[in-house]
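# Understanding the architecture of this molecule
Spelled out, the chains give:
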Amino acid sequence: MSGAEYCYQNDGGRCVVKVKGEIDIYTAAEFKKQINAAIEEVTGDLHIDCSELQYMDSTGLGVLIGALKRMKEQGRNIYLENLRPNVRKLFAITGLDKIFILEV
Amino acid sequence: MSGAEYCYQNDGGRCVVKVKGEIDIYTAAEFKKQINAAIEEVTGDLHIDCSELQYMDSTGLGVLIGALKRMKEQGRNIYLENLRPNVRKLFAITGLDKIFILEV
Amino acid sequence: MSLAGSMEKEEKINGCEDRVVLVLPNKPEYVSLARLAASGIAGRMGFDVETVEDIKLAVAEACTNAIKHGCCKEDSEYRIEFGVGEKCLTISIADRGCGMDKKDLCQPDLQNPREGGLGLFIINTLMDRVEFETAPNTGFTITMKKYLGV
Amino acid sequence: MSLAGSMEKEEKINGCEDRVVLVLPNKPEYVSLARLAASGIAGRMGFDVETVEDIKLAVAEACTNAIKHGCCKEDSEYRIEFGVGEKCLTISIADRGCGMDKKDLCQPDLQNPREGGLGLFIINTLMDRVEFETAPNTGFTITMKKYLGV
Ligand SMILES: Nc1ncnc2c1ncn2[C@@H]1O[C@H](COP(=O)(O)OP(=O)(O)O)[C@@H](O)[C@H]1O
Ligand SMILES: Nc1ncnc2c1ncn2[C@@H]1O[C@H](COP(=O)(O)OP(=O)(O)O)[C@@H](O)[C@H]1O
């Protein structure tokens with residue numbers, strides 16, 4: 001019922017993971033796998049394109065918080081791009097818009 | 001939750017009712033009202049454009065069968081146009097594709 | 001805790017299936033929720049788009065009957081149970097309405113269509129197995145099955 | 001008729017509301033059905049798009065907790081009850097899991113985020129009223145309300 005798709009791009013060192021669909025308790029494990037794979041693949045920052053991320057809840061936030069910790073230890077960062085209003089609101093109410101870099 | 005919209009057109013005596021949405025036990029009463037109004041409005045045949053009718057069940061068939069009876073008594077007919085596959089199948093399995101004129 | 005507690009008294013249709021239960025008010029505006037649930041469950045099981053539409057339609061026809069004929073008591077409810085197996089979706093729709101005498105059931109006359117009488121015929125045509133349990137004043141339970149990849 | 005019969009033993013949250021009950025297996029893949037039902041019901045009641053999203057999220061957080069923490073018994077179920085009033089949607093989500101000691105509940109530390117601990121905080125932020133009933137080994141019931149046009 002819920003589902004998510006991933007699409008991974010690496011142009012000249014800029015690593016972008018595009019997430020489509022819904023991240024919930026069912027799809028969060030795969031989300032974690034994909035994000036971790038992307039973190040290992042490259043050495044620079046990670047960009048997550050959320051333009052087609054229709055839904056996310058605390059299970060997705062948990063994955064992102066874990067990933068950010070790992071990245072920060074290595075002096076790297078995570079950029080979240082093109083969030084839809086409902087996903088942006090989730091970051092705002094939890095105060096995580098202060099911890100993550102949200103673009104556009 | 002389910003809903004339907006109607007749009008009524010009368011070009012040079014050709015009366016077309018366009019139905020959008022879902023016809024079920026909740027929306028069938030309004031469907032009946034709209035079809036009956038269209039039948040009274042003009043004297044010729046009635047065309048029902050079903051290109052945006054996403055769902056219909058026996059409650060909608062009931063309305064159409066009642067309308068067809070009325071029309072036939074007056075020597076008039078009902079044409080159903082642009083049915084989606086699921087709605088077309090409903091007419092096929094009930095044998096009503098032999099009673100109604102389905103176009104395209 | 002009485003509501004949650006009552007779940008324990010209920011038995012599942014089949015032990016190795018997942019069970020989803022939906023209880024709806026006997027009001028027309030809630031039938032679309034039954035369709036939403038049916039298409040969510042059937043789609044996830046892997047039924048193709050056409051079959052998902054068939055299942056939605058069969059469920060809606062049974063819900064329509066529960067509302068039309070199962071309404072002896074005002075403010076009543078009916079219950080839809082989905083049994084999600086690996087190869088089979090079982091759906092049972094039960095009301096506590098007037099019920100009927102099985103021998104009163106007649107086939108629709110398609111040469112001479114009436115404005116009603118098509119619901120059970122549609123369900124029988126679209127689903128792989130259909131059974132019903134009813135008697136006057138005890139309600140009506142229809143159980144239908146659809147097999148995956150048949 | 002035992003399944004349908006058990007409905008009669010249950011009391012409604014509130015007599016003048018419509019009630020919709022959804023019982024789901026405690027498996028992650030069914031949480032999206034709860035969101036579908038929540039958005040279907042809330043949308044029809046007339047909540048705006050943003051509020052419908054808030055309600056979906058709050059329901060999903062409570063379902064996630066029912067699955068994560070309410071899983072003492074394998075093969076268990078949890079129950080979502082929607083009370084549809086004219087001006088208010090009441091949603092109650094009940095599991096029969098481990099429960100908790102209310103005094104063990106701590107506020108999330110947003111300066112130092114952990115990978116968990118946000119669910120109840122999110123529910124509290126988005127809904128107009130939230131209450132929960134729990135004790136160790138008796139399960140957990142959270143009841144949330146959203147008012148229309150406030
Ligand atoms: N839930 C029910 N409770 C009591 N009787 C029912 C129920 N469902 C069907 N029936 C009986 O079966 C008949 C045929 O049903 P159906 O084929 O759906 O057509 P219709 O409902 O339009 O009459 C109904 O007229 C009714 O007598
Ligand atoms: N359904 C439940 N059953 C038992 N304990 C629960 C339930 N829901 C929440 N809790 C308790 O409340 C705590 C906080 O929940 P929450 O804010 O959703 O964060 P998380 O589930 O990520 O820990 C949980 O860690 C758990 O101890």
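Below you will find a few notes about this structure. Residue positions are given per chain, counting from 1 as you read along its sequence in written order. Chain labels run from A onward and ligand labels from 1 onward, assigned in the order the entries are written. It should be noted that, the model being predicted, local features are given only for residues of pLDDT at least 70 and side-chain atom pairs only at 80 or more, the latter also being counted only at that level, while totals for whole chains, interfaces and linings use all residues. To get the side-chain values, all heavy atoms of the structure are used, and hydrogens and water are removed first.

Right, let's get into the site of ligand 2. All names here are of chain D. Near ligand 2, the surroundings consist of 14 residues, among which Asn 65, His 69, Asp 95, Gly 117 and Leu 120 are the closest. In the environment of ligand 2, an oxygen atom lies 2.7 Å from a nitrogen or oxygen atom belonging to the side chain of Asn 65. In isolation ligand 2 has 530 Å² of accessible area, and contact with the protein removes 83% of it. Secondary structure elements follow DSSP: runs of H or I no shorter than four residues count as helices, runs of E no shorter than two count as strands, and numbering proceeds from the N terminus. Those elements that place two or more of their residues in the shell around ligand 2 are helix H3 (49–69) and helix H4 (119–126). By residue number, the principal contributor to the shell around ligand 2 is H3, which donates 4 residues. Polarity classes work like this: nonpolar for Ala, Val, Leu, Ile, Met, Phe, Trp, Tyr, Cys and Pro, charged for Asp, Glu, Lys and Arg, and polar for all others, with Gly in that last group. When its residues are assigned to classes, the shell around ligand 2 shows 6 nonpolar, 6 polar and 2 charged. Residues are counted as near a molecule or strand when any one of their heavy atoms sits within 4 Å of it. Counted as a polar contact is a pair of N or O atoms within 3.5 Å, where, for protein atoms, one must be capable of donating a hydrogen and the other of accepting one, and residues adjacent in sequence contribute only when both atoms are in side chains. Areas reported here follow the Shrake-Rupley algorithm with a probe of radius 1.4 Å; residue values treat only the protein chains shown as occluding.

Here we come to the side chain of Lys 18 of chain A. All names here are of chain A. Within the secondary structure layout, Lys 18 lies in strand E2 (residues 14–23). A polar contact is formed between the side chain of Lys 18 and the side chain of Glu 52, at a distance of 2.9 Å. Only heavy atoms matter for contacts: two residues are in contact if any of them lie within 4.5 Å across the pair. Excluding anything up to four places from it in sequence, Lys 18 contacts Glu 5, Tyr 6, Cys 7, Asp 49, Ser 51 and Glu 52.

With that settled, consider the site of ligand 1. Residues and elements named next belong to chain C. Among the 14 residues in the neighbourhood of ligand 1, the closest are listed as Asn 65, His 69, Asp 95, Gly 117 and Leu 120. At 2.7 Å from an oxygen atom of ligand 1 is found a side-chain nitrogen or oxygen belonging to Asn 65. Taking Lys 68, its side chain carries an N or O atom lying 3.0 Å from an oxygen atom of ligand 1. When ligand 1 is considered free in solution it has 530 Å² of accessible area, and contact with the protein chains removes 83% of it. Counting only elements with at least two residues in the shell around ligand 1, the list comes to helix H3 (49–69) and helix H4 (119–126). Of all the elements, H3 adds the most residues to the shell around ligand 1, at 4 residues. Across the shell around ligand 1, the residue classes break down as 6 nonpolar, 6 polar and 2 charged.

What follows concerns the sheet that holds strand E1 (residues 18–25) of chain D. When DSSP finds two or more bridges between two strands, those strands count as paired. Pairing in this open sheet of 10 strands is antiparallel, and the strands run E4(C)-E5(C)-E3(C)-E2(C)-E1(C)-E1(D)-E2(D)-E3(D)-E5(D)-E4(D) from one edge to the other. At either margin of the open sheet sits one strand with a lone partner, and together these are strand E4 (129–134) of chain C together with strand E4 (129–134) of chain D. Averaged over all neighbouring strand pairs, the angle between strand axes comes to 10°, with direction disregarded. Two elements, strand E3 (residues 88–95) of chain C and strand E5 (residues 140–147) of chain C, share 8 bridges in a ladder whose sense is antiparallel. What sits directly across from Ala 94 of chain C, in E5 of chain C, is Thr 141 of chain C. Helix axes use the C-alpha atoms of the stretch in contact, all axes being lines fitted to C-alpha atoms, and the angles between their N-to-C directions lie in the range 0 to 180 degrees. Sheet contacts for helix H2 (residues 31–45) of chain C: strand E1 (18–25), strand E2 (77–84) and E3 of chain C together with E1 of chain D; angle to E2 of chain C, the most-contacted strand, approximately 5°. Contacts from H4 of chain D reach E4 and strand E5 (140–147) of chain D, with the element oriented near 30° to E5 of chain D.

Let us now look at the environment of Leu 90 of chain A. Assignment of secondary structure puts Leu 90 of chain A in helix H3 (residues 85–94). For the exposure calls, accessible area comes from a 1.4 Å probe over protein chains only, and a residue counts as buried if that area is under 20% of its type's maximum, exposed if over 50%, partly exposed in between. In this structure Leu 90 of chain A comes out as buried when scored by relative accessible area, which is 1%. In this structure the C-alpha to C-alpha distance between Leu 90 of chain A and Asp 57 of chain A, which are 33 residues apart in sequence, comes to 7.4 Å. If we ignore the near neighbours within four places in the chain, the residues touching Leu 90 of chain A are Met 56, Asp 57 and Leu 61 of chain A together with Leu 57 and Ile 122 of chain D.

A few words now on the state of the cysteines. Note: disulfide means a covalent bond formed between the sulfur atoms of two cysteine side chains. Note on disulfides: each one is a pair of cysteine sulfur atoms within 2.5 Å. Summed over all chains, the structure comprises 0 disulfides over all chains. Between Cys 15 of chain A, a cysteine without a disulfide, and Cys 7 of chain A, which holds the nearest cysteine sulfur, the sulfur-to-sulfur distance is 11 Å.

Unlike most non-glycine residues, Asn 82 of chain A shows phi in positive territory, near 60°. With respect to the element layout, Asn 82 of chain A can be found in the loop between strand E4 (78–81) and H3. Positive phi, normally seen in glycine, also occurs at Asn 137 of chain C, with a value near 70°. Structurally, Asn 137 of chain C can be placed in the loop between E4 and E5.

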